[in-house]
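The chain contents come next:
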Amino acid sequence: MGVISAVTALASVNENFILSILLFFPVALIVRSIYRLYFDPLHHIPGPKLAAISHLYEFYYDVIRGGMFIWEIERMHQEYGPIVRINPREVHIKDPYFYDELYSPAQGGRDKDPKSVEIFSSPTALVATVDHQTHRMRRKLLTNFFSRRSIEKIEPVIHESLSTFLDGLMRAYKEGSVVELIDRLQGLTGDVITQYAYGESYGLQDPNNFGKGIVKVVQEGTEEIHLHRFFPFIQRSLRLVPSVFMTRIFPARAAMYDLLGGVRNKSIEVLQQKDTSNPPERMTMFHALTAPEVPPEERTLNRLEDEGLVLFAAGTETTATTLGVALFYILNDPTVLTKLRREVEQVMPTPQSLATWRQLEKLPYLNGVIHEALRFSGLAMRQQRVSPTEVLKYKDYAIPPGTPISMLQYFLHTDPELFSDPKRFYPERWMLAAERNEGISRFLVTFGKGTRSCIGMNLAYAELHTVLAAVVRRFDLELFETTAEDIRFVRDKLLPRAKDGPWRIRVKVVGIREE
């Protein structure tokens, strides 16, 4: 009887313990919800109560529905005004005149939100650096490497990669084949960044690499970006799996591991160099990051590997997509094509002529085309900033230090008060604005602003000018089974995506210009 009583008592204790646990969680959720709604430092910021209570609201739109939270944010602003609390800890502002205050303040620095940088899976890279001062130090190491002067020196590298791309269009003309334009352009931009940053080519424009290999893995890497944002341990766990097993599970990723292996080997080679008195014949990213003036704690293998991977990813798809968007709208409107071709002929008298970036950037209509393409492309995801110590003021609202605040590029670029008829591709708007001294260029923020603006901006502009001019001058292209729907921004997957995935532009080469 004593044993039975003891067992009964123990069972009762366990039952009470489990019951207490079951009761604790709903009570804790209720208490936390009350706190977030009425006592949290952000409780005075307008927005949906569900968004203020839980991240599940954002999770539903971005993970379950696949990158649709941006449109819910747009709806929130329509209902609640220019400042909205979009989740328990983040504030979003839709006001183009506040952009400089957030991203390029006259005084003080802005940190990144630690939670937002985990998606990059490269914790020591520039783009994932949280602290403002550390970021400033790391950026300074690469500033000269990506300066205008340095980019002008490597124009032969751009022309070499462009020549391979143009040869591919020649082959497509002879074969009568369809060209997947963004895939080809990713090969071009990928060859440029690997040649410049790594000092070697990975043959990304080889026919067997079109639409697959490294560039495709980078493109597909954004597909689960929101899942990894909410559960960053997934990416961290994948990095621990040996490459030999990953390539068996995902054979298409073998090329990416080849790239990572190459970056690793180059990093080790430069780190082991004893004689730093003689500069190398061609500077690479690895030399810039291991120069004698670099602090010892920064000259590490992980640091070089992280930066190498991010520079490749950042230097391929974004520029290639902008080039593709520009060519789509050029081909979609004969008036745009005619105006651009006539202007380019001024500095490229024959189809085989070469023109420098400096010559091409003086062409106002070409600049207008590029600015419109940048306005239609760029990042889709929010870029949070944090004021570490100061209260930020927006109108009558005080936003406490440490609060992630974001603004979306897309909302600036499609604001009808800044860009009349914003859904129209209209290069003339930039020329007219310059004549009227309207200064709309301050609202073109594809590359960001301030100390955290895109460090590769000069390289991107050089590629945009050079490639567009050469293609328009030499080839007659026609869109093939491609409409505006194929490059319509439907889903936010870090970059804009169409309803069914990455943007696609297909063309046929119907002529080669001889004069």
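Cut-offs and rules
Residues numbered from 1 in each chain as written. Predicted model: local features only at pLDDT ≥ 70, side-chain atom pairs only at ≥ 80, totals over all residues. Heavy atoms only, no water. Salt bridge = Lys/Arg side-chain N within 4 Å of Asp/Glu carboxyl O. Helix = DSSP H or I, 4+ residues; strand = E, 2+ residues; numbered from the N terminus. Buried < 20%, exposed > 50% of the residue type's maximum accessible area, 1.4 Å probe, protein only. Contact = heavy atoms within 4.5 Å. UniProt positions renumbered as here; feature names shortened; annotations may be inferred. Phe/Tyr/Trp six-rings, centres within 6.5 Å; stacked < 30°, edge-to-face > 60°. Lys NZ or Arg CZ within 6 Å of the ring centre and 35° of its normal. Pairing = 2+ DSSP bridges. Polar contact = N/O pair within 3.5 Å; in protein donor to acceptor, adjacent residues only side chain to side chain. Expected span 1.5 Å × (residues − 1). Core = buried A, V, L, I, M, F, W, Y, C linked by side-chain atoms within 4.5 Å.

1. A few points about the pattern of salt bridges
Here's step 1: Applying the stated criterion across every chain yields a total of 32 salt bridges.
Here's step 2: Each member of the salt-bridge network shares a partner with another, and the members are E58, D62, E90, R229 and R382.

2. Quick look at the environment of G66
Here's step 1: Note that G66 resides in the loop between α3 (56-64) and α4 (69-80).
Here's step 2: For G66, a relative accessible area of 12% puts it in the buried group.
Here's step 3: Spatially, the C-alpha atom of G66 lies 8.1 Å from that of H226, the residues being 160 residues apart in sequence.
Here's step 4: In this structure, G66 is in contact with Y61, R491 and K493, ignoring residues within four places of it in sequence.

3. Looking at the UniProt feature "binding site: heme" (unreviewed entry) in the protein chain
Here's step 1: Sites flagged by UniProt as "binding site: heme" (unreviewed entry) map to C454.
Here's step 2: Mapping C454 onto the fold places it in the loop between α22 (428-436) and α23 (457-474).
Here's step 3: Not counting residues up to four positions away in its chain, the partners in contact with C454 are R139 and F447.

4. Let's talk about α22
Here's step 1: Buried within α22 are the following residues: E428, R429, W430 and A433.
Here's step 2: In this structure, the buried residues of α22 make contact with α18 (334-344) and α20 (364-376).
Here's step 3: Backbone geometry just after α22 places N437 at a positive phi near 60°.

5. Quick look at the packing of aromatic side chains
Here's step 1: This structure, assessed with the given rule, holds 25 aromatic pairs.
Here's step 2: A ring pair is formed by F328 and Y329, whose centres lie 5.0 Å apart and whose planes are at 90°; its orientation type is edge-to-face. Per residue, the accessibility class of F328 equals that of Y329, and both read buried.
Here's step 3: Taken together through their ring pairs, the aromatic side chains of Y57, Y60, Y61 and F69 make up a single cluster.
Here's step 4: It is R375 that lies over the ring of F419; its NZ or CZ is 5.1 Å from the centre.
Here's step 5: The residue whose ring lies beneath R424 is Y426, and the NZ or CZ to ring-centre distance is 4.0 Å.

6. With respect to the pairing of strand β12 (residues 506-512)
Here's step 1: Where strand β4 (residues 178-180) meets β12, three bridges bridge the pair, whose relative direction is antiparallel. Directly across from E180, in β12, lies its bridge partner R506.
Here's step 2: In this sheet, β12 lies alongside strand β9 (residues 475-479) in antiparallel orientation, the contact comprising five bridges. Residue L479 lies in a different strand from β12, and its bridge partner there is V507.

7. Thoughts on the side chain of T482
Here's step 1: Its location among the elements puts T482 in the loop between β9 and β10 (491-493).
Here's step 2: Classification of T482 by relative accessible area gives buried; the value is 11%.
Here's step 3: Polar side-chain contacts of T482 include one of 2.9 Å to the backbone nitrogen of R506.
Here's step 4: Dropping the residues within four chain positions of it, T482 is found in contact with F328, R504, I505 and R506.

8. Brief notes about the environment of E515
Here's step 1: Structurally, the position occupied by E515 is in the segment after β12.
Here's step 2: Taking the C-alpha atoms as reference, E515 lies 6.0 Å from P351; in sequence the two are 164 residues apart.

9. Observations concerning helix α9 (residues 181-198)
Here's step 1: With 18 residues, α9 should reach 26 Å at 1.5 Å per residue; the first-to-last C-alpha distance of 25 Å fits that figure.
Here's step 2: The element α9 is largely enclosed, with a buried count of 18 among its 18 residues.
Here's step 3: The first or second residue beyond α9 is G199, which carries a positive phi of 85°.

10. Concerning the nonpolar core
Here's step 1: Core analysis: the largest hydrophobic core is formed by 107 residues, its most contacted members being F146, F165, I330, V369 and L468.
Here's step 2: Tallying contributions element by element places α23 first for this core, with 11 residues.
Here's step 3: With residues up to four places along the chain from it excluded, the contact list for I330 reads V336, L337, L340, V369, L468 and V472.
Here's step 4: Residues V91, L102, Y394 and M407 belong to the second largest nonpolar core, which totals 16 residues.

11. Some details on the environment of D40
Here's step 1: Position of D40 relative to the elements: it lies in the loop between α1 (2-38) and α2 (49-53).
Here's step 2: Distance in space between the C-alpha atoms of D40 and F447 is 34 Å, their sequence separation being 407 residues.
Here's step 3: Look past the residues within four positions of D40 in its chain and what remains in contact with it is Y35, R85 and P88.

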